[in-house]
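Residue-level structure breakdown
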Amino acid sequence: MNFIITAAQKAVLELYSTEVEESVINIQETRKEFEGQVTIVVFPVTKFSKKSPEQTANEIGAYLQDNVAEVTGFNVVKGFLNLSLAESYFLNLFNKQVLSADFGIIPPNGKKVMVEYSSPNTNKPLHLGHVRNNLLGYSVSELLKANGYDVVKVNLVNDRGIHICKSMLAWQKWGNGETPESSGLKGDHLVGKYYVIFDKEYKKEIEGLKEAGQTEEEAKKNAPLIKAAQHMLQQWEAGDAEVIALWEKMNGWVYDGFNVTYKTLGVDFDKFYYESNTYLLGKDTVEEGLAKGVFFKKEDGSVWIDLTADGLDQKLVLRADGTSVYITQDLGTAEMKYDDFGMDESIYVVGNEQDYHFKVLFLILEKLGKSWANGLYHLSYGMVDLPNGKMKSREGTVVDADDLIASMVATAREKTVELGKINDFSEAEREALYQNIGLGALKYFLLKVEPKKRLLFNPAESIDFQGHTGPFIQYTHARIKSLLSKAEYHFAAGSAEFSGIMEVELEMIQQLAKYPEELAIAAKAYSPASLANYLYELAKLFNKFYHEVPPIVKTEAGEAKQFRLNLCKKTADIIYSGMKILGITSPERM
RNA sequence: GCCUCGGUAGCUCAGUUGGAUAGAGCAACGGUUUUCUAAACCGUGGGUCAGGGGUUCGAAUCCCUUCCGGGGUACCA
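Rules of the game
Residues numbered from 1 in each chain as written. Chains lettered and ligands numbered in written order. Predicted model: local features only at pLDDT ≥ 70, side-chain atom pairs only at ≥ 80, totals over all residues. Heavy atoms only, no water. Salt bridge = Lys/Arg side-chain N within 4 Å of Asp/Glu carboxyl O. Helix = DSSP H or I, 4+ residues; strand = E, 2+ residues; numbered from the N terminus. Buried < 20%, exposed > 50% of the residue type's maximum accessible area, 1.4 Å probe, protein only. Axes fitted to C-alpha atoms, helices over the stretch in contact; angles between N-to-C directions. Parallel < 35°, antiparallel > 145°, perpendicular 65-115°, else oblique. Left-handed = near helix turned anticlockwise from the far one by under 90°. Contact = heavy atoms within 4.5 Å. Nonpolar A, V, L, I, M, F, W, Y, C, P; charged D, E, K, R; others polar. Pairing = 2+ DSSP bridges. Expected span 1.5 Å × (residues − 1). UniProt positions renumbered as here; feature names shortened; annotations may be inferred. Near = heavy atom within 4 Å. Polar contact = N/O pair within 3.5 Å; in protein donor to acceptor, adjacent residues only side chain to side chain. Phe/Tyr/Trp six-rings, centres within 6.5 Å; stacked < 30°, edge-to-face > 60°. Lys NZ or Arg CZ within 6 Å of the ring centre and 35° of its normal.

Describing the pattern of salt bridges
Under the counting rule described, the total for this entry stands at 26 salt bridges. Residue Lys514 pairs with Glu29 through a salt bridge whose shortest N-O separation is 3.2 Å. Of the two residues, Lys514 is situated in the loop between helix 19 (503–513) and helix 20 (515–524) and Glu29 in strand 1 (residues 26–29); the sequence distance between them amounts to 485 residues. Among the residues examined, Glu29 registers a relative accessible area of 47% and is labelled partly exposed. The salt bridge partner of Glu116 is Lys337, with a shortest N-O separation of 2.5 Å. Of this pair, Glu116 sits in strand 5 (residues 112–116) while Lys337 sits in helix 14 (residues 326–341), placing them 221 residues apart in sequence. Each member of the pair Glu116 and Lys337 is classed as buried.

With respect to unusual backbone geometry
The phi torsion at Lys78 lies on the positive side, around 50°, for a residue other than glycine. Positionally, Lys78 belongs in the loop between strand 3 (71–77) and strand 4 (80–85). Residue classification places Lys78 among the exposed positions, given a relative accessible area of 57%. Notably, Glu488 is not glycine yet its phi reads approximately 50°, a positive angle. Examined against the element boundaries, Glu488 turns out to sit in the loop between helix 18 (470–486) and helix 19.

Side note on the packing of helix 6 (residues 162–174) against helix 10 (residues 224–238)
A pair of packed helices is characterised by two quantities: the angle between their axes and the separation of those axes. Packing of helix 6 against helix 10 brings their axes to within 9 Å, and their N-to-C directions diverge by 110°. With respect to helix 10, the axis of helix 6 lies roughly perpendicular. For the pair helix 6 and helix 10, the crossing hand works out as right-handed. Contacts between helix 6 and helix 10 involve Ile162, Cys165, Lys166, Met168, Leu169, Gln172, Lys173 and Trp174 from the first element and Leu225, Ile226, Ala228, Ala229, Gln230, Met232 and Leu233 from the second. Its residues assigned to classes, the contact of helix 6 with helix 10 comprises 11 nonpolar, 2 polar and 2 charged.

With respect to the pairing of strand 3
In the sheet, strand 3 pairs with strand 4 via 6 bridges, with the strands oriented antiparallel. Its bridge partner lying in strand 4, Val76 is registered against Leu81.

Quick look at the sheet that holds strand 2 (residues 38–41)
The 4 strands lie next to each other as 1-2-4-3, forming an open sheet whose pairing is antiparallel. What marks the edges here is a single partner per strand, and that holds for strand 1 and strand 3. The average angle at which neighbouring strand axes cross in this sheet is 25°, direction not considered. Pairing of strand 1 with strand 2 involves 4 bridges; the strand directions are antiparallel. Along strand 2, the bridge assignment pairs Asn26 with Val41.

Overview of helix 14
The terminal C-alpha atoms of helix 14, which comprises 16 residues, lie 23 Å apart, in line with the 22 Å expected from a rise of 1.5 Å per residue. Every buried residue of helix 14 is accounted for by Ile327, Thr328, Gln329, Asp330, Leu331, Gly332, Thr333, Ala334, Glu335 and Lys337. Backbone geometry just after helix 14 places Gly342 at a positive phi near 55°.

Here's the deal with the UniProt feature "domain: Arginyl tRNA synthetase N-terminal" (unreviewed entry) in chain A
According to UniProt, the "domain: Arginyl tRNA synthetase N-terminal" (unreviewed entry) feature falls on residues 2–85. Note that residues 2–85 is 44% helix and 25% strand, and that its end C-alpha atoms are spaced 14 Å apart.

Quick look at the protein's contact with RNA strand B
Close to RNA strand B lie 68 residues; Lys421, Lys452, Tyr475, Arg479 and Lys486 are nearest. Within 4 Å of the protein, the contacting atoms of RNA strand B are drawn from sugar and phosphate to the extent of 61%. Tyr475 places a polar side-chain atom, nitrogen or oxygen, 2.3 Å from a sugar or linking oxygen of RNA strand B. Interatomic distance of 2.9 Å between a backbone N/O atom of Val553 and a base oxygen of RNA strand B. In terms of residue count, the dominant contributor to the surface near RNA strand B is helix 18 (7 residues). Partitioning the surface near RNA strand B into residue classes produces 29 nonpolar, 16 polar and 23 charged.

Concerning the packing of aromatic side chains
Under the defined criterion, the tally for this structure stands at 24 aromatic pairs. On the basis of an interplanar angle of 70° and a centroid distance of 5.6 Å, the ring pair of Trp171 and Trp253 is categorised as edge-to-face. Placement of the pair is Trp171 in helix 6 and Trp253 in helix 11 (residues 241–265), with a sequence separation of 82 residues. Just as Trp171 is buried, Trp253 falls in that class too. Their ring planes at 40° and their centres at 5.9 Å tell us that Phe542 and Tyr546 sit as a pair that is tilted. Remark: Tyr546 and Phe542 occur in helix 21 (residues 528–548); sequence separation between them is 4 residues, near one turn of the helix. Seen from the ring of Tyr279, Arg160 lies directly overhead, with NZ or CZ sitting 4.0 Å from the centre. Across from the ring centre of Trp174, 5.8 Å away, lies the NZ or CZ of Lys173, which sits over that ring.

Thoughts on the sheet that holds strand 8 (residues 296–297)
Taken in spatial order, the 3 strands make up an open sheet running 8-9-10, and their pairing is antiparallel. This sheet does not close on itself; its edge strands, each paired only once, are strand 8 and strand 10 (314–318). Two elements, strand 8 and strand 9 (residues 303–306), share 2 bridges in a ladder whose sense is antiparallel. Bridge pairing in strand 9 links Lys297 to Val303.

See below:
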């Protein structure tokens, strides 16, 4: 559409003898209720024309119609100049650009970006909140790849700490040697079970101590179980062989469980970092900060940074006893990651509860003069809430990832069987399809929402398979594939001679042509949501077209048929690759 | 208290650097299949864009302010 802007600039120059910036020419797609395809909003131009909006629009419209071949007509509504473009313009756009082999394929840009996501704790299974994180992280990675980046996906596993010891201790005390094999439980669920048991027993102890006269605070500190867990953490840090062996065994169960879930979700990683290897990092960075005068030491020996000048607070970076806090290790880990990969950008996919933490982390790294600090980005996303509030694993109000996936797949199975369209499929093909559709529904549901917005999930209302959903788009793809196969489609270049193109086809060409720009917009905003919504619009448009156009398969061969088949093929291609970026596979049939 | 992110139809969400009468889906109601997949299509009803003020030719969008909700807030991660 750039040629319209250029032409309009020229119109203003000739009509009103003023050279104007591109930004003065405000163009947008014409709304459905008006005639035309492109609209120039002329209000900004009236400043130069010194005429009414209507008159200005009419003058520019007349000029464009006379001087630009593609402009075949215009109409003016208030300050809006609606232009009608020639059919040949759209056919050329489609044949020369959209249909070209490299359309939507962005060449490497030579930049490397790291995406850290998932980052689970190894004391409990994944829940819906983690699912949002995983899908977002994976999808953003794919989005960046599609935009020419070299992407490194990493997972920083929180595999140590007091919460892990809680599960270990509870298992030791009440587990009777239970294993995933003996219990039939998935490893992460088994360990999670003991995490919950710990909490229950711990609460009992607190109640007991309170009855014995202690305050809530005292009781929480003095309960034997928490003391035992703390002791176990010390033993772990000291490298106690028995504790380490238990830790390795139970974490192994959890990893087996996570791997199953990751595989089902279709997410993957190029490298795993483990906090058990990184938790001591960062102390060098603290020394460096002290030497540079960025940090200061208090009388008790604790180390701080003063960020009040930046509108933040003073922040502790090292405890008085010399041990690390969360941000200490994150400082060290950030350096290690950069040393490992030397990336230009680094994205942390972490919930918005840590907004402040990352603001501080990045600011500190900047103040330390790290050259790579301004390439750091916190992709912050909103919590997944239930109708009655937040999910809490210790209170059992979580939506478990594995359960949810299983129920989505079960629903996909029910609906598919009901429709009975794949009765000739083999058992394996059916199962694969149920997975595809069930996960398609789940993934689309989570990804279509702007990441930073909180997301409400109501377990009582199942996720839809109709309307603005993943399966709707998948279905559109399957429909096209079926049509192409019946038409025995072969690619052949189209010509611009074909006339009698339908309005909906013009709309589709415009929608298809936007794809590369949509990829860029989504990547720039680190937001798969806009891509998800774009694909929905495209699918919706196709279904309208499909309904309005006379049956293509039965049409006799000719320009019209070839054009429409090409249109179908390209739509299927873009749906397929766009959905792939969302981590969703579009089936050939469903 | 302070910082921060949200508030758009009954519900779930779109809404581009400020542009036309604020759009979809679900739910409700009505219609479409001897035609390429009806997980589709077409139609009807449904709005104080949280409230107020301001900037502007023009505000859901920008600024100020109030209300409501989430998150954070100096030795948890």
